[in-house]
Amino acid sequence: MGCAPSIHVSQSGVIYCRDSDESTSPHQTAAAAAAPSSSSAVHGLFVKTDAAESIVPSSVLAYQSRPAVAAAPPQRRGGGGGGGGGGRARRCCGVEVETQTSQTSLKASATETEIGPMRLTQDPIQVLLIFAKEDKQSDGFWWACDRAGYRCNIARTPESALECFLDKHHEIIVIDHRNSRYFDAEAICRAIRATKPAEHTVILGVVPQIPAGQEEPSVLPLLHAGFNRRFLENSSIVACYNELVQIELGEVRSQFKLRACNSVFTALEHCHEAIEITSEDHVIQYVNPAFERMMGYQKGELIGKELTELPKSDKNRADLLDTINTCIKRGKEWQGVYYARRKSGDNIQQHVKITPVTGQGGKIRHFVSIKKLCSTNDSNKQTYRAQHDEKCAGDQFRSESHSFRCKNRRKESGDVKSITSRSSDAPSLQNRRYSSMARIHSMTIEAPITKVINIINSAQENSPVTVAEALDRVLEILRTTELYSPQLGTKDEDPHTSDLVGGLMTDGLRRLSGNEYVFSKNTNQSHGHLSVPATINDVPPCIARLLENEESWDFNIFELEAVTNKRPLVYLGLKTFARFGVCEFLNCSEATLRAWFQVIEANYHSSNSYHNSSHAADVLHATAFFLGKERVKGSLDILDEVAALIAATVHDVDHPGRTNSFLCNAGSELAVLYNDSAVLESHHTALAFQLTVKDSKCNIFKNLNRNHYRTLRQAIIDMVLATEMTKHFEHVNKFVNSITKPMASEETNANNEGSDCECTTSLKNFPDNQTLIKRMMIKCADVANPCRPLELCIEWAGRISEEYFAQTDEEKRQGLPVVMPVFDRNTCSIPKSQISFIEYFIMDMFDAWDAFAHIPVLMQHLANNYKHWKTLDELKCRSLRLPSENNNGS
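About the thresholds
Residues numbered from 1 in each chain as written. Predicted model: local features only at pLDDT ≥ 70, side-chain atom pairs only at ≥ 80, totals over all residues. Heavy atoms only, no water. Helix = DSSP H or I, 4+ residues; strand = E, 2+ residues; numbered from the N terminus. Buried < 20%, exposed > 50% of the residue type's maximum accessible area, 1.4 Å probe, protein only. Contact = heavy atoms within 4.5 Å. Areas by Shrake-Rupley, 256 points an atom, 1.4 Å probe, with all protein chains shown as cover. 1 Å grid on protein atoms, 1.4 Å probe; cavity = no way out; pocket = protein on both sides within 12 Å on 5 of 7 lines; lining within 4 Å. Points joined across faces, edges and corners; volume = space filled by probe spheres on them. Nonpolar A, V, L, I, M, F, W, Y, C, P; charged D, E, K, R; others polar. Axes fitted to C-alpha atoms, helices over the stretch in contact; angles between N-to-C directions. Parallel < 35°, antiparallel > 145°, perpendicular 65-115°, else oblique. Left-handed = near helix turned anticlockwise from the far one by under 90°. Salt bridge = Lys/Arg side-chain N within 4 Å of Asp/Glu carboxyl O. Pairing = 2+ DSSP bridges.

Chemist: Please give an account of the overall build of the protein that cites residues and values.
Modeler: Looking only at helices and strands, the protein has 35 helices and 19 strands in total. Per-residue burial over the protein gives 48% buried out of 890 residues. Across the protein, the fraction of contacts at a sequence separation of at least 24, relative to all contacts at a separation of at least 6, is 70%. Surface summary for the protein: the accessible area is close to 43200 Å², and the carbon and sulfur share equals 51%.

Chemist: Can you explain the layout of surface pockets? Please cite residues and give values.
Modeler: In this structure, the second largest pocket occupies an estimated 560 Å³ of space. In this structure, the second largest pocket is lined by 28 residues; those nearest its centre are Leu-307, Lys-312, Leu-321, Tyr-338 and Lys-371. Put simply, the parts of the chain that give the lining of the second largest pocket at least two residues each are strand S15 (274-279), helix H7 (289-295), helix H9 (320-329), strand S17 (334-341), strand S18 (347-358) and strand S19 (364-373). Of the residues forming the lining of the second largest pocket, the biggest block, 5 residues, is contributed by S17. Of the residues that constitute the lining of the second largest pocket, the class distribution is 16 nonpolar, 6 polar and 6 charged.

Chemist: Quick one: what's the story with the packing of helix H33 (residues 830-853) against helix H34 (residues 856-874), residue by residue and with numbers?
Modeler: Contact pair H33 / H34: the axes reach a minimum separation of 10 Å and the direction vectors enclose 160°. The orientation of H33 with respect to H34, classified from their angle, is roughly antiparallel. Of the two elements, H33 crosses H34, and the hand of that crossing is left-handed. Where H33 abuts H34, its residues Pro-831, Lys-832, Gln-834, Ile-835, Ile-838, Glu-839, Ile-842, Met-843, Phe-846, Asp-847, Trp-849 and Asp-850 lie against Pro-856, Leu-858, Met-859, Leu-862, Tyr-866, Trp-869, Lys-870, Leu-872 and Asp-873. A per-class count over the contact of H33 with H34 returns 14 nonpolar, 1 polar and 6 charged.

Chemist: Explain the pattern of salt bridges to me, and be specific about the residues and the numbers.
Modeler: For side chains bearing opposite charge, pairing can occur when the charged atoms are close. If you walk through the whole model with that rule in mind, you get 30 salt bridges. Across the pair Arg-579 and Glu-550 runs a salt bridge, and its minimum N-O distance is 3.1 Å. Of this pair, Arg-579 sits in helix H19 (residues 568-579) while Glu-550 sits in the loop between helix H17 (541-547) and helix H18 (557-563), placing them 29 residues apart in sequence. Under the relative-accessibility criterion, Glu-550 is labelled buried at 2%. Here Glu-730 makes a salt bridge to Lys-727, at a shortest N to O gap of 3.8 Å. You can call Lys-727 partly exposed: its relative accessible area is 41%. Among the charged side chains, a network of salt bridges with common partners joins Asp-135, Asp-176, Arg-178 and Glu-233.

Chemist: Provide a residue-level description of the sheet that holds S17, including the pertinent values.
Modeler: The antiparallel open sheet is built from 5 strands, whose spatial order is S16-S15-S19-S18-S17. Either end of the sheet is taken by a strand with one partner, and the two such strands are strand S16 (284-287) and S17. With direction set aside, neighbouring strand axes in the sheet form an average angle of 30°. Here 6 bridges tie S15 to S19, and the two strands are oriented antiparallel to one another. Note on S19: the bridge partner recorded for Ile-275 is Ile-370. Lying on the sheet, H9 is in contact with S17, S18 and S19; it crosses S17 at an angle near 140°.

Chemist: Which residues make up the packing of helix H22 (residues 613-627) against helix H24 (residues 638-650), and what values go with them?
Modeler: Running from N to C, H22 and H24 point in directions that differ by 160°, and their axes come no closer than 8 Å. Put simply, H22 runs roughly antiparallel to H24. Where H22 crosses over H24, the two elements pack in a sense that is right-handed. Mapping the contact onto sequence places Ala-616, Val-619, Leu-620, Thr-623, Ala-624 and Leu-627 in H22 and Glu-641, Ala-644, Leu-645, Ala-648 and Thr-649 in H24. Among the residues forming the contact of H22 with H24, the class breakdown is 8 nonpolar, 2 polar and 1 charged.

In structure tokens:
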């Protein structure tokens, strides 16, 4: 097998291939007789052609699989020839072949892969072997390709290798770099790399084994020549197979995905909306042609520049950029109206949507901005049209095609009449809209949302097409069932956030089970052993000293828990209710109130690490603190204050230390009773009223007239039900849209006019607004732990985590669905769980509450605690330091 094979053509047009040093096998004798006279043995029949000129270069071969008699290729260790009865049949490059893995000849199948939401189908891998001579190494790679199901070609000369590659576009090329006597491997690599198809090809260089004791050579020369990898000579089929499979699943798969990105860029290039992509440091990385047209810049003038280097419009609010940056740096999308300055100096008004894109490590790596001109701005339309004329001038064909697109594109700025005059499609569009409106207007029973849809449809009649389109999108959103719940991401979503949402905002996975979770009944407990003060002033000195500070936000509830033997609710409740005159409003005695607190606290489970009477006392303290703030106090009546204090006291009574999802999955009595909906919250309110009215000694409502009682009862129920997390975003968004935003607008107008804002007075005139304030207040009080001083925040975090750990343990024991898998005591990172909770539930809610109530101390503590958890997370610390047992009493 010393020389490269040669090809001969017989008079009948039959092509033969032979190696000069190979012996003739018996089955080749007949073929040899028909071939031209030669001393060399004939290797085998290749291809029958009609004309000799149809022969492709003899130095390029496509191996066909072994005959079916060979179940699997032997791994030969001696002789690399391939002669003999089990030899390979070969034929010239240009004819695709099949591979044989066992007794049957099978086509290599395509594979599917994904890049983001895009699904791709990858054809079978093609491999080009460039070896001047056939030897054990080339055989090793050939049979490795056969085993892997790859399509394989082999070339003997640089010229044939380049020609074959340009024809096939192989994903992997293996070049023999062991001996420069036959060809220059690096020169071949450079020649291939110089071609366009080689951009995404992986090139492997086969180099000789390094003799023992010789220094390892540098791979830099190979990399500089264009090689991607180096393969130390090893003729083992398994070694070659492993190398090729690693390349396929590594570089080839990555290059395949990169090639697919060309289609995405093609879409961006032809998109009518202006697109700008920047780095996390706001360095411009990409703009599309629509952006160039809109802003008047060329791409080369923008790429690589920071956004701060570009001129800004002076028409934006002074704090708008800070607001945008604050939003997007948190990983949240921002959209709104923004004034930009074109290269010519003109100001244009844009609808802008900025979306953060997370990358490696979950960090924000890019910001994608989508910009559209506001159609109501006439100067925008004139500027944009002028810019279109500039771009289209000088090229008649492009101008005509662009004009055609503009005439038929619904997003073009213009009113309905102008569109109608230019397009035959517009009347049918209008007719569809009118018929839809007629059906809506014909409805005899209108819900508020129906009235809103009617108003929007009416507004669409005489609106420009772009406005009509925007209103269409509004209608699509309004027709969804979940108007207030944000949509979670998919596979890249943080598991801690996903589990918190699954555990707190859903009723769990419905599953029929023989397991039932039954509450322990505490309603018949005797309370005679509880030592409570005879009067509000009759308290031990150590407790009295602690309660002197109860009006401060930094009040330490755990110290009170310790000195009261885990009964802080009675003492704090009596002091707080006295401060707000609750007994006077309810017309009940101090003894009745004291007995009521005693009964309520007895029905909190002290065995719970978190949902116990200390948590109730903490929520009561936060509620009282909020009620003391001027803005809150001015917005609510005395009945609202009393209802809020009572709701805070009873909001978690008889809590079992398990979530609603757990109870639904376990088929508990309460889940069945309340139809798997707001199970715990419904139970807390129902039990609280049962405990209150069953005994006259503790019935604080017994002297209220019927109307006051019904109003107070409804307010308490509404507030406790608001603590149920499935409606979290609904409550927050309603509060923002009905309270925070209107108040901010009124304050702005008042400041501009130089007058005092009487926002709270106007709020009192709307009972619905008072309801939203009370709901938001108890929600913030219920989850205020991240806004407490750091030591208190850490203690609460440890307690809630322990309760979730216990739930996960019980779910596993009972064979129930594990609602929050990340809360496994052996693997959970408490800092990560706190970060997720703060980012997803706390930040926006307390931003809105602070904007209304003006309580800066909350936001200061929140920022400090969030920094603490982030620091622990960066240090890969899964646990946290808890206060001593004497302090936490847990």
